[in-house]
Amino acid sequence: MGNSGSTYAPVGNTQTQSSGKKYHTKCICVGCGCSENMCEPALATDIRCCCFEAAVKTDPSLCKDTDHLCYGRMGLKVGPAVLDVTNPFVDKHELIMVCEKNVVGM
């Protein structure tokens, strides 16, 4: 086995990785450290187990202006089908699409 590569989730990032942080301490498989960024993000988590990966973070620095409250999207893929939900006030350029043709948009 050895040190053949990272076990961290590619969808996440190194914000939840303890190595490289101040006061890094590790005992067998559990590590801890102290990040210099207090609230960027305030909360972050990621998981990787065999073929399952997930990442979530809460970053108050991304909501500095009131127009940032409108930004948002959600995506899902199951087999070949892909679904996403976007804000129509932000993504006005493709309101109604049919088979890759823009029917209604601004």
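Residues numbered from 1 in each chain as written. Predicted model: local features only at pLDDT ≥ 70, side-chain atom pairs only at ≥ 80, totals over all residues. Heavy atoms only, no water.

Turning to the overall build of the chain, a few remarks are in order. Helices and strands together make up the secondary structure of the chain, namely 0 helices and 8 strands. Along the chain, from the amino end to the carboxyl end, the secondary structure elements read β-β-β-β-β-β-β-β. For the chain, the residues scored as buried account for 7% of the 106 residues in total. For the chain, contacts bridging at least 24 residues in sequence account for 22% of all contacts bridging at least 6. (Helix = DSSP H or I, 4+ residues; strand = E, 2+ residues; numbered from the N terminus. Buried < 20%, exposed > 50% of the residue type's maximum accessible area, 1.4 Å probe, protein only. Contact = heavy atoms within 4.5 Å.)

Scanning the model with the defined rule gives 2 salt bridges in all. A salt bridge links Lys22 to Glu36, with the nearest nitrogen and oxygen atoms 3.8 Å apart. Here Glu36 lies in the loop between β2 (30-34) and β3 (43-49) and Lys22 lies in strand β1 (residues 22-27), a separation of 14 residues in the sequence. For Glu53, the salt bridge identified is with Arg48, shortest N-O distance 3.6 Å. Given the relative accessible area of 31%, Glu53 is considered partly exposed. (Salt bridge = Lys/Arg side-chain N within 4 Å of Asp/Glu carboxyl O.)

Here we come to a nonpolar patch on the surface. The grouping of Met74, Leu76, Val78, Leu83 and Val85 at the surface amounts to a nonpolar patch, some 450 Å² of accessible area in total. Elements represented by at least two residues in the nonpolar patch include exactly β5 (73-78) and β6 (81-86). The element contributing the most residues to the nonpolar patch is β5, with 3 residues. Within the secondary structure layout, Val85 lies in strand β6. (Patch = residues over 30% accessible without salt bridge, like charges linked within 9 Å, V, L, I, M, F, W, Y side chains within 5 Å. Areas by Shrake-Rupley, 256 points an atom, 1.4 Å probe, with all protein chains shown as cover.)

Our focus in this paragraph is the pairing of strand β4 (residues 52-58). Where β3 lies against β4, 7 bridges are found, and the strand directions are antiparallel. Bridging from a neighbouring strand, Cys49 pairs with Phe52 of β4. Where β3 folds back on β4, the antiparallel hairpin that results is connected by 2 residues, among which Cys50 adopts a positive phi of roughly 55°. (Pairing = 2+ DSSP bridges.)

In short, geometric facts, not functional conclusions.
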